[in-house]
Amino acid sequence: MNAPEKLTIPSVQDRVSPEEWQTRVDLAACYRLVADFGWSDLIFTHITARVPGTEDQFLINPYGMMFDEITASSLVKIDLQGNKVEESPFPVNPAGFTIHSAIHAHRHDAQCVLHVHSVNGVAVSAQKEGLLPISQQSIFVLSSLAYHDYEGVALRDDEKPRLVNDLGARNYLMLRNHGLLTLGKTIADAFVNMYVFEAACMIQVRAQAGGGELIRIPSSILDTAQSQAKTVTKSQGGMLAWPGLLRRLDRKDSTYRN
């Protein structure tokens, strides 16, 4: 049996701006955290982040690398068509970038777009009623949730207008029969939004499995979810939890920073 190939990834830190390097480190951390929390689907989802100072350049995972292998230097810089902006030895998956390119082109407030095929998320996305207001986690999602019907694997450009129209100005998107997607003004926001989204789906699946009647949260409480979220996070959003999440990663493996 052949020994497994060892990845050798030269640093690009001296070739990019300090702002881009910080974005690369945070995005690599986000990939590692998605793997750590068990939301990755081998190599078949994406997290993208806008390159600071640009409107049409984004960082994406090198296609074929597992999420727990990704480093700041291995991320590939591409444009809205999925073409490489700078030379990289790694391939990208332009077909799988359809969703991200559509959102990045229309939501200039979003630095990060995070998409997963988590088991609980897909399970709830297959339910006609979608996410139910039955948990504290669900109220934060429902306050900014949109749905997009399944049209097959996202390969066609003609799906993009329908996707962005369904999303609108919301930060959570349930892709029917497919998975979950979050947006964030920061990478930290997108990750913490996904943590809450996936938790709400997991709670729903487990609550339904119990077979008892579910208690729905009144709409009057749902209407105050956004203000409650600002109070709980001290108006810092995902950045309140982000330093602790990075410390968690660093205790296990800090190579994402390379």
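Look up: the structure comes first, before these words.
Residues numbered from 1 in each chain as written. Predicted model: local features only at pLDDT ≥ 70, side-chain atom pairs only at ≥ 80, totals over all residues. Heavy atoms only, no water.

Colleague: Can you explain the sheet that holds strand 1 (residues 47-50)? Please cite residues and give values.
Modeller: Read across the open sheet, the seven strands follow the order 3-2-1-4-7-6-5; overall the sheet is mixed. Looking at strand neighbours, the two that pair on one side only are strand 3 (76-79) and strand 5 (145-148), the edges of this open sheet. The average undirected angle you get between the axes of adjacent strands in this sheet is 25°. The sheet contact formed by strand 1 and strand 4 (residues 112-116) spans three bridges and is antiparallel. Bridging across to strand 4, I47 finds its partner in L114. (Pairing = 2+ DSSP bridges. Helix = DSSP H or I, 4+ residues; strand = E, 2+ residues; numbered from the N terminus. Axes fitted to C-alpha atoms, helices over the stretch in contact; angles between N-to-C directions.)

Colleague: Residues and numbers for helix 6 (residues 187-209), please.
Modeller: In this model, helix 6 (23 residues) spans 33 Å end to end at C-alpha, consistent with the 33 Å of a helix rising 1.5 Å per residue. Immediately downstream of helix 6, the backbone of G211 shows phi near 85°, a positive value. (Expected span 1.5 Å × (residues − 1).)

Colleague: An account of the side chain of T23 is needed here, citing residue identities and associated values.
Modeller: Tracing the chain through its elements places T23 in helix 1 (residues 18-36). Judged by its relative accessible area of 6%, T23 is buried. Leave out the neighbours within four places in its chain, and T23 touches A49, R50, P52, L59, Q111 and I187. (Buried < 20%, exposed > 50% of the residue type's maximum accessible area, 1.4 Å probe, protein only. Contact = heavy atoms within 4.5 Å.)

Colleague: Lay out the pattern of salt bridges in plain terms, naming residues and giving numbers.
Modeller: Scanning the model with the defined rule gives 16 salt bridges in all. The residue R156 makes a salt bridge to E151 at a minimum N-O spacing of 3.1 Å. With a relative accessible area of 35%, R156 lands in the partly exposed category. Here E151 falls in the partly exposed class, since its relative accessible area comes to 24%. The residue D158 makes a salt bridge to R162 at a minimum N-O spacing of 3.4 Å. A single salt-bridge network, built from bridges that share partners, covers E20, R24, K77 and E86. (Salt bridge = Lys/Arg side-chain N within 4 Å of Asp/Glu carboxyl O.)

Colleague: Give a detailed account of unusual backbone geometry, specifying residues and quantitative values.
Modeller: Comment: phi is negative for the bulk of residues other than glycine, and the bulk of peptide bonds are trans. With a phi close to 55°, L42 is a non-glycine residue in the positive phi region. When you line up the elements, L42 lands in the loop between helix 1 and strand 1. Within the chain, N177 stands out as a residue other than glycine whose phi angle is a positive 60°.

Colleague: Tell me about helix 5 (residues 160-167), residues and numbers included.
Modeller: Within an α-helix, residues lying three or four positions from one another point in the same direction, as the helix has 3.6 residues per turn. Along helix 5, the positions that sit buried rather than exposed are L163, V164 and L167. All buried residues of helix 5 lie within an arc of 90° about the axis, which places them on one face of the element. Exposed positions of helix 5 whose direction lies more than 90 degrees from the buried face are P161 and N165. As for helix 5, its buried residues are in contact with helix 2 (98-106), strand 5, strand 6 (172-175) and strand 7 (179-184). A positive backbone phi angle near 60° is found at G168, which sits one or two residues after helix 5. (Arc of directions from axis to C-beta.)

Colleague: Any details on the pairing of strand 7? Residues and values, ideally.
Modeller: Extensive coverage of strand 7 is indicated by the burial of six of its six residues. By the alternation rule, side chains of strand 7 split into G179, L181 and L183 and L180, T182 and G184, which are all buried. In this structure, strand 4 lies alongside strand 7, joined through five bridges in antiparallel fashion. Counted as the bridge partner of C112 is G184 from strand 7. Between strand 6 and strand 7, which pair antiparallel and follow one another directly, the connecting turn spans three residues, one of which, N177, has a positive phi of 60°.

Keep in mind these numbers describe shape, not what the thing actually does.
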